[in-house]
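Residue-level listing of the chains:
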Number of protein chains: 2
Amino acid sequence: MKKIGILGGGQLGRMLLQSAINYPVETYLMENDATAPAAHLCHHFTKGDITQFDAVYAFGKGLDAITIEIENVNLEALEQLAAEGVKVYPHPTALKIIKDKVKQKLFYQTHQIPTSEFVVTESTADLQQHLAFLPAVHKIGNGGYDGKGVQILKQASDFEKGFDTPSVLEKMVDIKQEIAIIIAVGNTGQTAIYPPVDMVFDPSLNLLSYQICPAQIPEKVFWKAEAIAINVVKKLNSPGVFAVEMFTDVHGNVLVNEIAPRVHNSGHHTIEGNFSSQFDMLWRIMLDYPLGNTANISPTALVNLLGDEGYSGPAQYEGLNDVLNMDNVFVHLYGKKETKPGRKMGHVTIMSHEKQELLHKVNQIKHSLFVRSA
Amino acid sequence: MKKIGILGGGQLGRMLLQSAINYPVETYLMENDATAPAAHLCHHFTKGDITQFDAVYAFGKGLDAITIEIENVNLEALEQLAAEGVKVYPHPTALKIIKDKVKQKLFYQTHQIPTSEFVVTESTADLQQHLAFLPAVHKIGNGGYDGKGVQILKQASDFEKGFDTPSVLEKMVDIKQEIAIIIAVGNTGQTAIYPPVDMVFDPSLNLLSYQICPAQIPEKVFWKAEAIAINVVKKLNSPGVFAVEMFTDVHGNVLVNEIAPRVHNSGHHTIEGNFSSQFDMLWRIMLDYPLGNTANISPTALVNLLGDEGYSGPAQYEGLNDVLNMDNVFVHLYGKKETKPGRKMGHVTIMSHEKQELLHKVNQIKHSLFVRSA
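Rules and cut-offs
Residues numbered from 1 in each chain as written. Chains lettered and ligands numbered in written order. Predicted model: local features only at pLDDT ≥ 70, side-chain atom pairs only at ≥ 80, totals over all residues. Helix = DSSP H or I, 4+ residues; strand = E, 2+ residues; numbered from the N terminus. Buried ≥ 20, exposed ≤ 12 C-beta atoms within 10 Å, placed from the backbone. Contact = placed C-beta atoms within 7 Å. Least-squares fit on C-alpha atoms with pLDDT ≥ 70 in both. Domains from an automatic or database assignment. Nonpolar A, V, L, I, M, F, W, Y, C, P; charged D, E, K, R; others polar. Core = buried A, V, L, I, M, F, W, Y, C linked by C-beta atoms within 7 Å. pLDDT = per-residue confidence, 0-100. Pairing = 2+ DSSP bridges. Axes fitted to C-alpha atoms, helices over the stretch in contact; angles between N-to-C directions. Parallel < 35°, antiparallel > 145°, perpendicular 65-115°, else oblique. Left-handed = near helix turned anticlockwise from the far one by under 90°. Arc of directions from axis to C-beta. Expected span 1.5 Å × (residues − 1).

### Description of the overall build of chain A
Assigned secondary structure in chain A consists of eleven helices and 21 strands. When its C-alpha atoms are laid out on the principal axes, chain A stretches across 55 × 50 × 45 Å. Residues counted as buried form 48% of the 374 residues belonging to chain A. Counting contacts in chain A only where the partners sit at least 6 residues apart, residues at least 24 apart contribute 63% of the total.

### A short note on the relation of the copies chain B and chain A
You can overlay chain B on chain A at an RMSD of 0.0 Å; the transform is a turn of 180° with a shift of 0.0 Å along its axis. Here the two chains are linked by the operation of a two-fold rotation axis. Judged by C-alpha distance, Leu-41 of chain B is the residue of chain B that lies nearest the rotation axis, at 2.3 Å. A share of 100% of interface residues in chain B that are also interface residues in chain A marks the association as one of identical surfaces.

### Structural notes on the environment of Cys-213 of chain A
Residues and elements named next belong to chain A. Structurally, Cys-213 can be placed in strand 13 (residues 207-213). Accessibility expressed as a C-beta count within 10 Å gives 27 for Cys-213, which makes it buried. Linking Cys-213 and Thr-270, residues 57 residues apart in sequence, is a C-alpha distance of 9.2 Å. Excluding anything up to four places from it in sequence, Cys-213 contacts Pro-195, Val-197, His-269, Gly-273, Asn-296, Pro-299 and Thr-300.

### Concerning the domain arrangement of chain A
Parsing chain A into structural domains produces domain 1 (2-89), domain 2 (117-171) and domain 3 (175-373). For domain 1 of chain A versus domain 2 of chain A, the distance between C-alpha centres works out to 33 Å.

### Regarding the interface of chain B and chain A
Of the residues lining the interface, 25 residues belong to chain B; the matching set on chain A comes to 25 residues. If you list the elements that add at least two residues to the side of chain B that touches chain A, you get helix 1 (11-20), helix 10 (320-324) and strand 18 (329-333) of chain B. The element that contributes the greatest number of residues to the side of chain B that touches chain A is strand 18 of chain B, accounting for three residues. Looking at the side of chain B that touches chain A residue by residue, the classes come out as twelve nonpolar, ten polar and three charged.

### Let's talk about the nonpolar core
Core analysis: the largest hydrophobic core is formed by 199 residues, its most contacted members being Val-244 and Leu-282 of chain A together with Val-244 and Leu-282 of chain B. Beyond its immediate stretch of four places on either side in the chain, Val-244 of chain B contacts Ala-180, Ile-181, Ile-183, Ala-229, Val-232, Val-256 and Ile-259 of chain B.

### As for the confidence of the model for chain A
Per-residue confidence for chain A gives a mean pLDDT of 95, with 98% of residues at or over 70. Among the scores for the predicted complex, ipTM is 0.95 and pTM is 0.96.

### Here's the deal with the pairing of strand 7 (residues 136-140) of chain A
Regular strands place side chains that alternate from one sheet face to the opposite one. Residues and elements named next belong to chain A. Counting buried residues in strand 7 gives four out of five residues, a clear majority hidden from the surface. Two strands pair when backbone bridges link them, and strand 7 and strand 8 (residues 150-153) are joined in this way by four bridges, in the antiparallel orientation. Residue pairing for strand 8: Val-137 is matched across the bridge by Ile-152. Of the strand pairs in this sheet, strand 7 and strand 9 (residues 167-171) are connected by five bridges, and their pairing is antiparallel. Bridge pairing links Lys-139 to Val-168 in strand 9.

### Details of unusual backbone geometry
A cis amide bond, omega 0°, links Cys-213 of chain A with the succeeding residue Pro-214 of chain A. Going from Leu-134 of chain B to Pro-135 of chain B, the amide bond is cis rather than trans, its omega being 0°. Considering the arrangement of structural elements, one finds Pro-135 of chain B in the loop between helix 6 (124-127) and strand 7 (136-140). Of note, Gln-112 of chain A is a non-glycine position whose phi angle comes to about 55°, a positive value. If you trace the backbone, Gln-112 of chain A turns up in the loop between helix 5 (101-110) and strand 6 (118-121). Taking the C-beta count within 10 Å as the criterion, Gln-112 of chain A has 9 such neighbours and is therefore assigned exposed. Phi is positive for Asn-237 of chain A, which is not a glycine, with a value near 55°. The class for Asn-237 of chain A is exposed, based on 12 C-beta atoms found within 10 Å.

### Re the packing of helix 2 (residues 53-60) of chain B against helix 3 (residues 75-83) of chain B
Residue and element names in this part refer to chain B. Running from N to C, helix 2 and helix 3 point in directions that differ by 30°, and their axes come no closer than 8 Å. Considering the angle they form, helix 2 stands roughly parallel to helix 3. For the pair helix 2 and helix 3, the sense of crossing is right-handed. Across from Phe-53, Val-56, Tyr-57 and Gly-60 in helix 2, the residues of helix 3 making contact are Glu-76, Ala-77, Leu-78, Gln-80 and Leu-81. Split into classes, the residues belonging to the contact of helix 2 with helix 3 amount to six nonpolar, two polar and one charged.

### Thoughts on the sheet that holds strand 6 (residues 118-121) of chain B
Residues and elements named next belong to chain B. Read from one edge of the open sheet, four strands run 6-9-7-8, paired in antiparallel fashion. Only two strands of the sheet have a single neighbouring strand rather than two, namely strand 6 and strand 8 (150-153). Here the strands of the sheet are splayed against their neighbours by 20° on average, with no regard to which way each runs. Bridge analysis of strand 6 against strand 9 (residues 167-171) gives four bridges, and the strand direction is antiparallel. When the sheet's bridge partners are listed, Thr-121 is paired in strand 9 with Ser-167. Most of the contacts of helix 5 (residues 101-110) go to strand 9, to which it runs at about 50°, and overall it touches strand 6, strand 7 and strand 9.

### Some thoughts on helix 2 of chain B
All names here are of chain B. Listing the buried residues of helix 2 in full gives Val-56, Phe-59 and Gly-60. Buried residues in helix 2, looked at end-on, bunch into an arc of 90°, giving them a common side. Tucked into the core, helix 2 has its buried residues touching strand 1 (2-7), strand 2 (25-31), strand 3 (44-47), strand 4 (65-68) and helix 3.

### Structural notes on the sheet that holds strand 17 (residues 313-318) of chain B
Residues and elements named next belong to chain B. The strand order 19-17-21 describes an open sheet built from three strands, whose pairing is antiparallel. Two strands bound the open sheet, and with one partner strand each, they are strand 19 (338-339) and strand 21 (370-373). The pairing of strand 17 with strand 19 spans two bridges and is classified as antiparallel. Looking at the pairing, Pro-314 lines up with Glu-338 of strand 19.

### Considering helix 7 (residues 219-236) of chain B
Residue and element names in this part refer to chain B. Taking 1.5 Å of rise per residue, 18 residues should cover 26 Å, and helix 7 covers 26 Å from first to last C-alpha, within 8% of that figure. In this fold, the buried residues of helix 7 make contact with helix 4 (92-99), strand 10 (175-185), strand 11 (191-193), strand 14 (240-249) and strand 15 (254-260). Residue Asn-237 follows helix 7 closely and has a positive phi angle near 60°.

### A short note on the environment of Ala-125 of chain A
Positionally, Ala-125 of chain A belongs in helix 6 (residues 124-127). Linking Ala-125 of chain A and Asp-164 of chain A, residues 39 residues apart in sequence, is a C-alpha distance of 7.8 Å.

Below, the structure is given as structure tokens:
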């Protein structure tokens, strides 16, 4: 059996290992927290810091392949492992580009991939030169995640919220829709593309509120988005699973917002909604099997379960029975012992061929299920 | 989080733990083989003999609930645990009846549940009194499993194949179809019934060849089978998931063949084919959540992958890429290192609304995928 390692033990690792159960593979996982959501689901658990060279190198040495569930890992160790013949998903050259939002934006520019206008800022002093560029979004180059490391700057007085480290300042786009496309790239460059997803964000938390697949977008926008997404992953030149997040505007333009070089929240609905889920797909790639079928079994909607505002401590799920009583609904709880405001604690997928039913149940779930503490 | 234990670490435990990943639950597993299919997927693994009182009692003490993936467990320890307040699925009183094929047959008789005619035999000497009863099937009372402990007796010369221990001799039924119904029973006695499954057996191995859900049976037979299956589990008076295997004959009669008081091979298609799988359902019961939705998402067929004749040793999957290339097909390999003839190594589920497509792909899979050794 092939030996395959995962760096990080959160919900993405958890769902990856859930999917690995269908295949003959010996699984390894490294994570600092031995009680993390994925820690108990592998053959071999290593407690270690995924940002440290020595830890990552020692973990990966001797494995057939290694993947990540978060970008914030030690890149140099992955480069060393790749040089020594361990297959790394995504390839470190792609991870290096994506991990740093400054490099990511310059990559789009180099390859003429449509994206919002931007300037690179080195410091807050530098940032203040760009008053004329506002309103804009300031994104930290390294270390941002899940809405952290992002600030909206509308006027001069907002500059104090900016980052005093290399960052990008992106011109505010008049967004009509946010969509995401999951794409799989095999070891010989073959691709498989999932139907696009409509992402509806909560503006205050800058976190996904719910998503619907397939996205309702005009045909022209659909073709444009697919072509751009394929182009992005081709230029990254790496096998793996990628999420390409895009904006559409009222003129039918499509702009790349961000790429994730891994399984992604915007693909969680594929567990029930598609013949091959994003997690299944990554195992197929890493085990050198054929790519899976990305077609929808049914349209889906997905609601993230976030820790409710004002509650920190041992997690309790209020209203869970109501949601488990719904007929075509799938509950995924990540088994995190502690909740805190905005923490991703689970998600719920709804399957239906009726869009009204999807939206109705999204609403029901958002108003009945809460993650709180005693 | 509730602490729930599983006795046995084979593929049923593996798929149970795969399903547990959706819920907050602390999982325990006891199994003698630390490399068994399910052994690495729990929070707490105990190496131990599930047929020994002390091992099972020590394992179960302190858990909230305990379940089994095989009937051959220490019943007395489960009785003791139940008496001390551990919830046992199925209840030991039900397990005691089902575990022993003699008791099981007498249970049907007591409750006027239709089943084939039978006599109880205490020994081979006793057996030979029943020549007029042939052709018949001799089933060992205790310890039979997956076609072992079953002999077809057609004539006097076959008596030497019979069992010299308490057994049942069942009159041969003129079988039209073999069907199975999975039923879930909640903690307060509420039931949820899955659509029936057509089971097509390999006559030489007495093992399932393939199955199709929903079964194509006349409406009257359908209602009769459902009514009988519900009656059986009501009389067993235990929460849990049950598989009721039945024969139908050319006259439209339905006879109960056997019950399994646990998740069962005849329910594996529910992982993809139904909104709540049999595995999901058992967790819902053990975690005291509402029962799930048993409706089909789509009709399915299922092929078991058995170790090919003539091969014993490290497992290799010949033709796997061909099957992974099929569009609406789901491969489940159980991660067993060693194959041997007839060993259950995995299964493949096919989803389609077209019966011809289901049968066509069953055939393709049976002729292209083989578990062999080097």
